[in-house]
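Chain residues, written in single-letter form:
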Amino acid sequence: MINRIDALWWHKLNGLTRRSIALGVLNPVANAIVLTEYPKSGGSWISQMLSASLGIPYTRNRLPVLGDQILHGCFLKVHSNIDTVVVWRDGRDTMISYYYHMMFDKALTSAMAGKRLRSQLNVTDPHNLEKYLPRFIEWACSGGYPRFSWSEFVKTWYGKETVAFTSYESCLENSHKELTNILTVFDRLIISDTELQRVVESHSFEQQSNRKRGEEDINSFIRKGIVGDWKNTFNQEAREIFHHHCGPELILLGYAKDDMW
């Protein structure tokens, strides 16, 4: 029961337990650093590096543990006394990564959820992004799953005090610097620069995927690992839908200078 089971009751129990910890209900019995993101923003990767840096478990694909842990999820609310990391990513890139994550069954993806969503959106050929990506973006931006959109996530967390902010793009550029900043905010920098660099190198895209960054494997949880992939995939309809729902937040985070993207 501890490890992941692709059964609805297990996923509900897992979600309830994680939300309870994030809201402080089970603290200090289940003490956690909470990392929150909109799906496919690099949270798993950053959680792995934080776990290795601090020597505490990252409870992934299993129920949370009692004691110290990295708790990764998609949360709009976290108790103010809990160390919280908020991860940003260009919302257009999250749409691409999230589409591949949900539309193509993977070992770490619930096949039931993917099948259910494909049926809901009437997707007959997920390889046809030109046809189905706009439909998926509309679903995601209308509060598909999680039950909030990328723009709502941004508006909820932007400017919050007492949390540590990072981004997928910043971690790609300099993971060592971003990890140092996060650990310093929480006064948890207990690892040397040399050891931290080893953590970064051992969790690189190349080490985890056995591919060069940019080489795509649509059946892998770690698909491509680049910035700006939306430019290769968004058609005009996809641009208009995402702009309608998320345009102001894209500018707020600095991913666009104006509406002319």
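The model shown is predicted, which means the values in this text are computed figures rather than measured ones. (Residues numbered from 1 in each chain as written. Predicted model: local features only at pLDDT ≥ 70, side-chain atom pairs only at ≥ 80, totals over all residues. Heavy atoms only, no water.)

A. Representation of a nonpolar patch on the surface. A surface patch of nonpolar side chains, amounting to about 260 Å² of accessible area, comprises Ile5, Trp9 and Leu13. For Ile5, the location among the structural elements is in the segment before helix H1 (8–22). (Patch = residues over 30% accessible without salt bridge, like charges linked within 9 Å, V, L, I, M, F, W, Y side chains within 5 Å. Areas by Shrake-Rupley, 256 points an atom, 1.4 Å probe, with all protein chains shown as cover. Salt bridge = Lys/Arg side-chain N within 4 Å of Asp/Glu carboxyl O. Helix = DSSP H or I, 4+ residues; strand = E, 2+ residues; numbered from the N terminus.)

B. Spotlight on the environment of Asn61. Along the polypeptide, Asn61 turns up in the loop between helix H2 (43–54) and strand S2 (70–73). Its relative accessible area of 29% is what places Asn61 among the partly exposed residues. Residues Asn61 and Met260 lie 199 residues apart in sequence; the distance between their C-alpha atoms is 40 Å. (Buried < 20%, exposed > 50% of the residue type's maximum accessible area, 1.4 Å probe, protein only.)

C. Spotlight on the state of the cysteines. Under the definition given, this model contains 0 disulfides. Here Cys74 stays unpaired: no disulfide links it, and the sulfur of Cys141, its closest cysteine neighbor, is 14 Å away. Judged by relative accessible area, which is 30%, Cys74 ranks as partly exposed. Summary of cysteine pairing: Cys171 is not part of a disulfide, and the nearest cysteine sulfur, belonging to Cys74, is at 16 Å. (Disulfide = S-S within 2.5 Å.)

D. Here's a closer look at the pairing of S2. Burial along S2 is two-sided: the residues Ile70 and His72 and Leu71 and Gly73 are all buried. Looking at chain direction, strand S1 (residues 33–37) and S2 are connected through 4 bridges and run parallel. Among the inter-strand pairings, Thr36 is bridged to a residue of S2, identified as Gly73. Handedness of the crossover is the feature at issue here: the chain leaves S1, passes through H2, returns alongside S2, and the resulting connection is right-handed. (Pairing = 2+ DSSP bridges. Right-handed = clockwise from strand over helix to strand, strands pointing away.)

E. Here's a closer look at unusual backbone geometry. Residue Pro146 is bonded to the preceding Tyr145 through a cis peptide linkage, with omega at -5°. When you line up the elements, Pro146 lands in the loop between helix H5 (129–141) and helix H6 (150–157). The residue Asn61 is not glycine, and still its phi comes out positive at about 60°. Not every positive phi belongs to a glycine, and Asp187 is a case in point at roughly 55°. Along the polypeptide, Asp187 turns up in the loop between helix H7 (168–185) and helix H8 (193–202).

F. Here's a closer look at the pattern of salt bridges. Counted according to the given criterion, the structure contains 2 salt bridges. Here Asp83 makes a salt bridge to Arg188, at a shortest N to O gap of 3.0 Å. Residue Asp83 is located in the loop between S2 and strand S3 (84–88), and its partner Arg188 is located in the loop between H7 and H8; the two are separated by 105 residues in the primary sequence. Put simply, Asp90 and Arg92 hold a salt bridge, and the shortest N to O gap is 2.8 Å. The same class applies to Asp90 as to Arg92, namely buried.

G. A look at helix H10 (residues 236–252). Of all the bends found along H10, the most pronounced is centred on Cys246 and spans about 75°, while Pro248, a proline, follows it within four residues. Of all the positions in H10, only Ala238, Ile241, Phe242, Cys246, Gly247, Glu249 and Leu250 are classed as buried. The inward-facing, buried residues of H10 abut helix H3 (91–103), H5 and H6. Between the side-chain oxygen of the N-cap and the backbone nitrogen of Glu237 there are 3.2 Å, and the N-cap of H10 in question is Asn235. Backbone geometry just after H10 places Gly254 at a positive phi near 85°. (Bend = angle between axes of the 7 residues up to and from the residue. Contact = heavy atoms within 4.5 Å. Polar contact = N/O pair within 3.5 Å; in protein donor to acceptor, adjacent residues only side chain to side chain.)

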